[in-house]
Amino acid sequence: MKPQRAWQRMLSGRRLDLLDPSPLDIEIEDIAHGLAFVARWNGQTYGDYPYSVAEHSVFVLELYRRLYPKAGRDWQLAALLHDAPEYVIGDMISPVKDAVGPEYAALDKRLMEAIQIRFGLPAELPPAIKKQIKRADRISAWLEAVQIAGFSEEEADKLFGKPVFDDIPKRKLRPHPPMESKGAFMEVFSDLTES
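For clarity, every value in this text was computed on a predicted model and none was experimentally measured. (Residues numbered from 1 in each chain as written. Predicted model: local features only at pLDDT ≥ 70, side-chain atom pairs only at ≥ 80, totals over all residues. Heavy atoms only, no water.)

1. Focus: the overall build of the chain
Across its full length, the chain carries nine helices and two strands. When the helices and strands of the chain are listed from N to C terminus, the series reads β-β-α-α-α-α-α-α-α-α-α. At 17 Å, the chain has a C-alpha radius of gyration in line with the 16 Å of a compact globule built from 195 residues. Judged by the C-alpha coordinates and their principal axes, the chain covers about 55 × 40 × 30 Å. In the chain, which comprises 195 residues, the share counted as buried stands at 46%. In the chain, once contacts between residues fewer than 6 apart in sequence are set aside, the share between residues at least 24 apart is 67%. With the model as given, the accessible surface of the chain reaches about 10,700 Å², and the carbon-plus-sulfur share is 54%. (Helix = DSSP H or I, 4+ residues; strand = E, 2+ residues; numbered from the N terminus. Rg over C-alpha atoms; globule rule 2.2 N^0.38 Å. Buried < 20%, exposed > 50% of the residue type's maximum accessible area, 1.4 Å probe, protein only. Contact = heavy atoms within 4.5 Å. Areas by Shrake-Rupley, 256 points an atom, 1.4 Å probe, with all protein chains shown as cover.)

If you want it as structure tokens, here you go:
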């Protein structure tokens, strides 16, 4: 019997094995490109473009910096890359992840570990850092839900927790064209990784 193909060819030319990913097959340009074309909220957002995971990632980093201004570059990079596996496995909303079960979580974890190693982070982030990034992620999800995904504040409060509004920048979210989102992601990544 022919073995099942488990790799994806990336635009960089790399072949990423999704079941056993190697850090050597991960390129930031592939991540940025993929995330710029993956829609948050299954594409159910207002605007001329889907709100991409690349935009969300940059916004989570912005919130993380605001919440934890003394965080080092490594942890800021971890915040930017917090959803990086979605460049190849897509962004599933939580109810779908729950329905798919532990296999999705295991796939996501293997990819995340390889990505973090590739960019000089520990395979497993310290629990305190993961918690900080999750806090920024939940604030972002609340704002996205209310501003561009059609949720009421009450619905968003139940699903994501009511954010402390002093933690939130005063700006309106709006989706951008994918290549613009890719450029913003790459610019922030470059700023974080320059020596």
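2. Quick word on the UniProt feature "domain: HD/PDEase" (unreviewed entry) in the chain
Feature annotation in UniProt places "domain: HD/PDEase" (unreviewed entry) on residues 49-151, given in this structure's numbering. Here residues 49-151 is 71% helix and 0% strand, with 18 Å between the C-alpha atoms at its ends. (UniProt positions renumbered as here; feature names shortened; annotations may be inferred.)

3. So, the side chain of Thr-45
Counting through the fold element by element, Thr-45 comes out in the loop between helix 1 (28-36) and helix 2 (53-67). Not counting residues up to four positions away in its chain, the partners in contact with Thr-45 are Arg-40, Pro-50, Tyr-51, Ile-148 and Ala-149.

4. What to know about the packing of aromatic side chains
Applying the stated rule across the entire model yields four aromatic pairs. Pairing Tyr-64 with Tyr-68 gives two aromatic rings, centres 5.3 Å apart and planes at 45 degrees, and the pair type is tilted. What makes Tyr-64 buried here is its relative accessible area of 0%. An aromatic cluster is present here, built from Trp-41, Phe-151 and Phe-160 joined pairwise through their rings. Here Arg-15 stacks its cationic end above the ring of Trp-7, 4.1 Å away from the centre of that ring. (Phe/Tyr/Trp six-rings, centres within 6.5 Å; stacked < 30°, edge-to-face > 60°. Lys NZ or Arg CZ within 6 Å of the ring centre and 35° of its normal.)

5. Comments concerning the pattern of salt bridges
If you walk through the whole model with that rule in mind, you get nine salt bridges. The partner of Arg-40 in a salt bridge is Glu-144, and the shortest N-O contact between them spans 2.7 Å. Note that Arg-40 is positioned in the loop between helix 1 and helix 2 and Glu-144 in helix 7 (residues 127-148), a separation of 104 residues in sequence. Just as Arg-40 is buried, Glu-144 falls in that class too. One salt bridge connects Glu-113 with Lys-109, and the closest N-O pair in it is separated by 2.4 Å. Separated by four residues within a single helix, Glu-113 and Lys-109 lie in helix 6 (residues 102-118), roughly one turn from each other. One salt-bridge network, held together by shared partners, links Lys-109, Glu-113, Glu-124 and Lys-130. (Salt bridge = Lys/Arg side-chain N within 4 Å of Asp/Glu carboxyl O.)

6. Structural notes on the nonpolar core
A general feature of soluble globular proteins is that nonpolar side chains tend to end up buried together. Ranked by internal contacts, the top residues of the largest apolar core, which has 58 residues, are Ile-31, Leu-81, Tyr-87, Phe-119 and Phe-185. If you list the elements that add at least two residues to this core, you get helix 1, helix 2, helix 3 (73-80), helix 4 (86-89), helix 6, helix 7, helix 8 (153-160) and helix 9 (178-193). At nine residues, the largest contribution of residues to this core is made by helix 7. For Phe-119, the residues in contact, after removing those within four places along its chain, are Ile-26, Glu-27, Ile-28, Ile-31, Leu-77, Leu-81 and Phe-189. (Core = buried A, V, L, I, M, F, W, Y, C linked by side-chain atoms within 4.5 Å.)

7. Re a nonpolar patch on the surface
A cluster of nonpolar residues, Ile-93, Val-96 and Val-100, forms a patch on the protein surface that exposes about 190 Å² of accessible area. Among the structural elements, Ile-93 can be located in the loop between helix 4 and helix 5 (94-100). (Patch = residues over 30% accessible without salt bridge, like charges linked within 9 Å, V, L, I, M, F, W, Y side chains within 5 Å.)

8. Remarks on the environment of Val-88
Mapped onto the elements, Val-88 comes out in helix 4. Residues Val-88 and Ala-36, spaced 52 residues apart in sequence, show a C-alpha to C-alpha distance of 12 Å. Setting aside residues no more than four positions away along its own chain, Val-88 makes contact with Gln-8, Met-10, Leu-16, Leu-18 and Leu-111.

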